Structures are given as C-alpha cells and as structure tokens.
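If you want the building blocks of each chain, they are given just below.
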Amino acid sequence: MAVFGLVDVGGTKTMTGIWRDGAMVAVEKQPTAIGGGGDGTVAVVAASIKRLLRERHLDVGELVGIGVAVPGPLDLDRGLVRYAANLGWVDYPFIERLSQAFPGVAIAMDDDSRCAAWGEALHGAGQEFPIVWYTTVSTGIGSGLIIEGKPYRGAQLMAGELGHITIDLAGPVCACGKRGCLETLASGPAMARHFYEMRGLTGIPLSAENVFRALRTGDGEARAVVSRAMQYLAMALSYVVHLVNPDILVLGGGIVVHQGDLLLPMLRREMRGHILSVQDTHLLLRPAQLGEQAGLWGAYELIASHVQGRGISDRP
Ligand SMILES: [Zn+2]
C-alpha cells in the first residue's frame, strides 16, 4: 500500500492530510496564507505534509504522490490555477512550485468542489449511489457531478459552476463580472449582506454566522433573508434535477455543516415548487458526511487514480 500527501486549499482554511494503508492517518487544518500569495500557501502546505509524515515516522521518500484540491478554474495541461478570486492568484503554477518541495513525487490537481464531491460520493453521503450531485455553500457556491465513481469534468474542466448561473437578471454584480449569479444571492456573504442591508448595519465583516445566530433566536428578518436565499438555491438545484436527474443531491460546505438542520428542510420544501411530482417522490437531499475533510478524501481519489494510470495501485 502506498503513502499519499493530500491538500485542500480553501478561501479561508487549508487542510492537509496523509493517507497510508487505505486510511487517512493524519489531518491538519490551518488558515490560508492569503497575504503570502501562492508561494506562501505552497510553503505552508509543504511544511505541513513533511511535519505530518515525520510525526507518523514516515519518510518523504515513501511518498508516492500528492493529491491537490484548489479553487478553479484550472489549466491542468500546464498545472496552473487560472484564477482564484478569494486567494488573489492568477495563472499560478501550483504543481510546479509544489514539485520543487517534493522532487520526483507525482502530483495531481483538480477543482476543490469537484474533489469534495468525489470524496462524498465514494466515502460519504453519496456511497451506494451511481449518480451523485454535490453542492457546497460557503464563501462561494460550487458543485461537482460524480457518475459511477468518476468525476464529470466537462470540455474545459468547468462542469459544475452552479455558483455562476444567472438566477436574477436584476441581481447584484458578481465577482465574475456578471449580474445576478446564484453566488451573489445564496452564499454565506450574500445572506450576510442582505441581512445587514435590512438592519442598516455597516462596518462589520460579512459573516453569515450573524444571520444564523439571529435566526436561532426567532428573528423574523433573519428568517426572511435565509428563506429568500433558499428559494434561489432551490431554483438552481431544480435545474440540476431536471438536467442531470441524479440519484442524490448532497449539500456540503461550511454553512451546511453548521446550519444544515435549519437549511435543508427549508430547501427541500422550496424545491417541491420547482420539480415534477415524480422527481419529488424520488428526490434524496442529504447533508455531507465528511465535514471539512471531504476535499481531502477526493484528493486521495484523484492521486490514487493518477498513479494507478502509471501502474502503481493503492486499491486492495
Ligand atoms: Zn458570477
């Protein structure tokens, strides 16, 4: 069995892990080094993997490969993160830079939402289901589609950009430059912005936690804000149901991990208004099971299938 390093770089936190003998044996979570740029993040990630290996009495030489989940869009031919708005990276050569810290070690990279989808499909809420759609709701909104255990990536590796479908022609301007993207209406910051506008609050960081804290005390405005966001998300997910007809919709990401007990029943109710009754009968909407580690589990699947293509097998 092989030893793998695993990486999941998010907008606020970076997860690293070590996989050995068919199990995740170490996980570390750190804040993402926003100020340090891509090189700062690579340095943090490389040091973390080496530290975790050392703590498990493993040598860097035993490392067969590293699987990396990063925010897309990506250019996998050149190993670039094309554009990561939250991190401030443009055409950052992540694979090349990480290779400098691990010479000779195979590295594979993919979109973070797709990796989380892959992890949930094979090791979490989507196990046993052939067609799994995963959507993450946190700072942004991302998705992944896993069919028969394999990710569907699309022609330009852009499949699953649910956050940027137009959901309101007159909606707010998105970071992508378009107007009314789902992400501007149903993400964590979107809910916070809407709530602050209603309350006339200014000068505080956009945090959805403030909305949910108010909602849990029975605040009517907070309920209206979250309810509207779930209406938009339900519309978007109904498109998925109509287009893809998945066996299961898995909802993950920070907001769902912490507020899923409130959100999922609202979302399920709203979806009923947008899908056919026969679809409604079969619809499974479940919370993700792997929490913050979903991306790492997907990164494992990514690197394991990558090295398998080179004749190295980690499969029992
Ligand atoms: Zn957008």
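Residues numbered from 1 in each chain as written. Predicted model: local features only at pLDDT ≥ 70, side-chain atom pairs only at ≥ 80, totals over all residues. Heavy atoms only, no water.

Where an unreviewed UniProt entry is consulted, the protein chain appears under the name ROK family protein, with the organism given as Sulfobacillus acidophilus. UniProt annotates the protein chain under Sequence similarities (unreviewed entry) with the comment "Belongs to the ROK (NagC/XylR) family." (UniProt positions renumbered as here; feature names shortened; annotations may be inferred.)

Draft legend 1. Broad picture of the pairing of strand β1 (residues 3–9). Burial within β1 is extensive, with seven of its seven residues counted as buried. The side-chain alternation of β1 yields two buried faces, one formed by Val 3, Gly 5, Val 7 and Val 9 and the other by Phe 4, Leu 6 and Asp 8. Note that β1 and strand β2 (residues 13–20) share seven bridges and pair antiparallel. Residue Phe 4 lies in a different strand from β2, and its bridge partner there is Trp 19. Linking two consecutive strands that pair antiparallel, namely β1 and β2, is a turn of three residues. Pairing between β1 and strand β4 (residues 63–70): six bridges, direction parallel. Considered in β4, the bridge of Phe 4 is made with Gly 65. (Buried < 20%, exposed > 50% of the residue type's maximum accessible area, 1.4 Å probe, protein only. Helix = DSSP H or I, 4+ residues; strand = E, 2+ residues; numbered from the N terminus. Pairing = 2+ DSSP bridges.)

Draft legend 2. Local environment of the packing of aromatic side chains. Counted under the stated rule, the structure contains six aromatic pairs. By the ring-pair criterion, three or more aromatic residues cluster together here, those being Phe 4, Trp 19, Trp 297 and Tyr 300. When the ring centre of Phe 102 is taken as reference, the NZ or CZ atom of Lys 50 above it lies at 5.0 Å. (Phe/Tyr/Trp six-rings, centres within 6.5 Å; stacked < 30°, edge-to-face > 60°. Lys NZ or Arg CZ within 6 Å of the ring centre and 35° of its normal.)

Draft legend 3. Broad picture of unusual backbone geometry. Cis geometry marks the peptide bond from Gly 72 to Pro 73, where omega comes out at 0°. Among the structural elements, Pro 73 can be located in the loop between β4 and β5 (74–75). Although it is not a glycine, His 57 sits at a positive phi angle of roughly 55°. With respect to the element layout, His 57 can be found in the loop between α1 (37–55) and β4. One non-glycine residue with positive phi stands out, namely Glu 148, at about 50°. Structurally, Glu 148 is set in the loop between β10 (141–147) and β11 (150–152).

Draft legend 4. Quick peek at the domain arrangement of the protein chain. The domain architecture assigned to the protein chain consists of domain 1 (3–111 + 293–308) and domain 2 (125–289). If you look at the interface, domain 1 gives seven residues, while domain 2 gives five residues. Roughly 580 Å² is buried in total at the junction of domain 1 and domain 2, and carbon and sulfur atoms are behind 53% of that figure. Where domain 1 meets domain 2, there are one salt bridge. (Domains from an automatic or database assignment. Contact = heavy atoms within 4.5 Å. Buried area = accessible area lost by both parts, 1.4 Å probe. Salt bridge = Lys/Arg side-chain N within 4 Å of Asp/Glu carboxyl O.)

Draft legend 5. Local environment of the environment of Pro 205. Within the fold, Pro 205 resides in the loop between α5 (188–199) and α6 (208–216). In the structure, Pro 205 is positioned 16 residues away from Pro 189 in sequence and 9.1 Å away in space, judged by C-alpha atoms.

Draft legend 6. Main features of α1. Taking 1.5 Å as the rise per residue, α1 with 19 residues should run 27 Å; its terminal C-alpha atoms sit 27 Å apart, in good agreement. Considered for burial, the residues of α1 that qualify are Gly 38, Gly 40, Thr 41, Val 42, Val 45, Ala 46, Ser 48, Ile 49, Leu 52 and Leu 53. Packing partners of the buried residues in α1 comprise β1, β2, β3 (23–31), β4, β7 (89–92) and α2 (94–101). Residue His 57 follows α1 closely and has a positive phi angle near 55°. (Expected span 1.5 Å × (residues − 1).)

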